[in-house]
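Structural description and commentary
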Amino acid sequence: MIEITSIAQKEIIKGFKARFIHTDNLTLGYWDVEEGAVLPLHSHFHEQVTKVLEGKFELTVGDETKVYEAGYVAVIPSHVIHGGKALTPCKLFDIFSPVREDYKL
């Protein structure tokens, strides 16, 4: 059993702080995002599933932009350009496959 709050939080980009759990095949990310923080458009070879736990997050996936709120899930395929902005303070949960080696800081 892992208590999420016992994991050290890391600021990956300005306004995006996360706690990570890495398994053999996945990375789980629990994010606290400051209101107004911007995730620049980018892509990676990992598949990604993002769930908004709290707040409102404007997310662009490919050519589609939507505002996600608690309970909404975005599925981001491998190599698809995506990015976003926190419209309010947010808590997000990400699942990446395969493991995000770059998040094993």
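Residues numbered from 1 in each chain as written. Predicted model: local features only at pLDDT ≥ 70, side-chain atom pairs only at ≥ 80, totals over all residues. Heavy atoms only, no water.

Details of the layout of surface pockets
The calculated volume of the largest pocket comes to roughly 250 Å³. Together, 19 residues line the largest pocket, and Trp31, Leu39, His42, Asp94 and Tyr103 are the ones closest to its centre. Of all the elements in the fold, those that place two or more residues in the lining of the largest pocket are β1 (10–13), β4 (38–42), β5 (47–54), β6 (56–61) and β10 (90–97). (1 Å grid on protein atoms, 1.4 Å probe; cavity = no way out; pocket = protein on both sides within 12 Å on 5 of 7 lines; lining within 4 Å. Points joined across faces, edges and corners; volume = space filled by probe spheres on them. Helix = DSSP H or I, 4+ residues; strand = E, 2+ residues; numbered from the N terminus.)

Points about unusual backbone geometry
The residue after Ser97, namely Pro98, is reached through a cis peptide bond having omega 0°. In this structure, Pro98 sits in the segment after β10. A positive phi angle is found at His79, which is not glycine, with a value near 70°. Note that His79 resides in the loop between β8 (73–76) and β9 (82–86). Residue classification places His79 among the exposed positions, given a relative accessible area of 57%. (Buried < 20%, exposed > 50% of the residue type's maximum accessible area, 1.4 Å probe, protein only.)

A short note on the sheet that holds β6
One open sheet accounts for four strands, arranged β4-β9-β6-β7; its pairing is antiparallel. Among the strands making up the open sheet, the edge pair consists of β4 and β7 (64–69). Strand after strand, the sheet turns through a mean of 20° between neighbouring axes, direction not considered. With three bridges connecting them, β4 and β9 associate as antiparallel partners. Paired with His42 across the strands is His82, a residue of β9. (Pairing = 2+ DSSP bridges. Axes fitted to C-alpha atoms, helices over the stretch in contact; angles between N-to-C directions.)

Description of the environment of Val67
Counting through the fold element by element, Val67 comes out in strand β7. In the structure, Val67 is positioned 20 residues away from Leu87 in sequence and 8.6 Å away in space, judged by C-alpha atoms. When sequence neighbours within four positions are dropped, the list of residues in contact with Val67 reads Lys56, Phe57, Glu58 and Leu87. (Contact = heavy atoms within 4.5 Å.)

Topic: the packing of aromatic side chains
Where two aromatic rings form a pair, the distance of their centres and the angle of their planes describe that pair. Enumeration over the complete set of coordinates arrives at eight aromatic pairs. Centroid distance Tyr30 to Phe93: 4.8 Å. Interplanar angle 40°. Geometry classified as tilted. A residue pair is termed long-range when its members are at least 10 positions apart, and Tyr30 in strand β3 (residues 27–33) and Phe93 in strand β10 qualify at 63 residues. Accessibility expressed as a relative area gives 24% for Tyr30, which makes it partly exposed. (Phe/Tyr/Trp six-rings, centres within 6.5 Å; stacked < 30°, edge-to-face > 60°.)

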